[in-house]
Amino acid sequence: RISSTSATMSSAGSSQIEETVYWLNLLVDTRVPIVGNASQSGHGVLGNDGNRNMVGSVEYILSEVGALDAAVREFQTAVSLSPAYFPARHNLGLGYLQKNRFPEAEQELKKALELEPAHREARLNLGLAFLGQNQHAVAKQEFLRLLQTHPDFLLARYNLGLAQMGLNEFAAAITSFSQARDR
């Protein structure tokens, strides 16, 4: 089970917390990673620090450590407690995506995008959920929609090429891949 402990270190900044967590990971005999967060923002603020750091820590656990099943369960709990909390909803969709549970990922990512329609990564991940279900035409539309607002988003352009390949639009796919490479 992934758990969270909060402590206040009034004189400690990000560098001290980072170093402390580094040494704790070396010294403590555990199969679960130890992560730490520092913030200059107050609790409840989701920005470049604050709760965004906690979301980032869970994303790290999801993607790097293999605690995917536990993280998905934690996000399911978070969504059940606060259905309108975008980070939990998006990360639940991301967890499903990483588990190749594409229909569930699609459902959660659509709900996340209802909360934050302009969120770049949620739109990208929804397109990936469609690709995973071989719904190339729908994936293509998601990537094109994303590129209208973020034309330099290389992952969107690359995945557009994959969707175009799935639709046998080879010339368009080559153009998309070339544009992703050349930017």
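Residues numbered from 1 in each chain as written. Predicted model: local features only at pLDDT ≥ 70, side-chain atom pairs only at ≥ 80, totals over all residues. Heavy atoms only, no water.

## Here we look at the overall build of the protein
Each helix and strand counted, the protein has nine helices and zero strands in total. Element order for the protein, N to C, with α for helix and β for strand: α-α-α-α-α-α-α-α-α. Expressed as a percentage of its 183 residues, the buried residues of the protein come to 36%. For the protein, restricting intrachain contacts to residue pairs at least 6 apart in sequence, the fraction spanning at least 24 positions comes to 40%. (Helix = DSSP H or I, 4+ residues; strand = E, 2+ residues; numbered from the N terminus. Buried < 20%, exposed > 50% of the residue type's maximum accessible area, 1.4 Å probe, protein only. Contact = heavy atoms within 4.5 Å.)

## As for the pattern of salt bridges
Taken as a whole and judged by the stated rule, the model has nine salt bridges. Here Arg-123 and Glu-142 are joined by a salt bridge, their closest N and O atoms 2.8 Å apart. Taken together, the residues Arg-123 in helix α6 (residues 120-132) and Glu-142 in helix α7 (residues 136-149) connect sequence positions 19 residues apart. Neither Arg-123 nor Glu-142 differs from the other in exposure class; each is buried. Linking Asp-152 and Arg-183 is a salt bridge whose minimum nitrogen-to-oxygen distance equals 2.5 Å. With Asp-152 in the loop between α7 and α8 (154-166) and Arg-183 in the segment after α9 (170-182), the pair connects residues that are 31 residues apart, well separated along the chain. (Salt bridge = Lys/Arg side-chain N within 4 Å of Asp/Glu carboxyl O.)

## As for the side chain of Arg-123
Taking relative accessible area as the criterion, Arg-123 reaches 7% and is therefore assigned buried. Setting aside chain neighbours within four positions, we find Arg-123 in contact with Leu-113, Pro-117, Glu-142, Arg-145 and Leu-146.

## What about the side chain of Lys-140?
Relative to the helices and strands, Lys-140 resides in helix α7. In contact with Lys-140, not counting residues within four places along its chain, are Leu-160, Ala-163, Leu-167 and Glu-169.

## A closer look at α8
For α8, which comprises 13 residues, the first-to-last C-alpha distance of 19 Å matches the rise-based estimate of 18 Å (1.5 Å per residue) to within 8%. Taken together, the buried residues of α8 touch α6, α7 and α9. Immediately beyond the C-terminal end of α8, within one or two residues, lies Asn-168, with a positive phi of roughly 60°. (Expected span 1.5 Å × (residues − 1).)

## With respect to the confidence of the model for the protein
Within the protein, residue pLDDT values average 82, and 74% of them lie at 70 or more. Low pLDDT, under 50, characterises residues 1-11; the predicted model gives this stretch seven contacts beyond four residues in sequence or across chains. Predicted confidence for residues 43-48 stays below pLDDT 50, and this span has twelve contacts to residues more than four positions away or in other chains. (pLDDT = per-residue confidence, 0-100.)

## Describing the nonpolar core
Grouped together as the largest cluster of nonpolar side chains are 29 residues, with contacts concentrated most on Leu-92, Leu-97, Ala-105, Leu-124, Ala-139, Phe-143 and Ala-156. Of all the secondary-structure elements, those providing two or more residues to this core are α3 (68-81), α4 (86-98), α5 (102-115), α6, α7 and α8. Setting aside residues up to four positions removed in sequence, Leu-97 forms contacts with Phe-102, Ala-105, Asn-125, Leu-128 and Ala-129. (Core = buried A, V, L, I, M, F, W, Y, C linked by side-chain atoms within 4.5 Å.)

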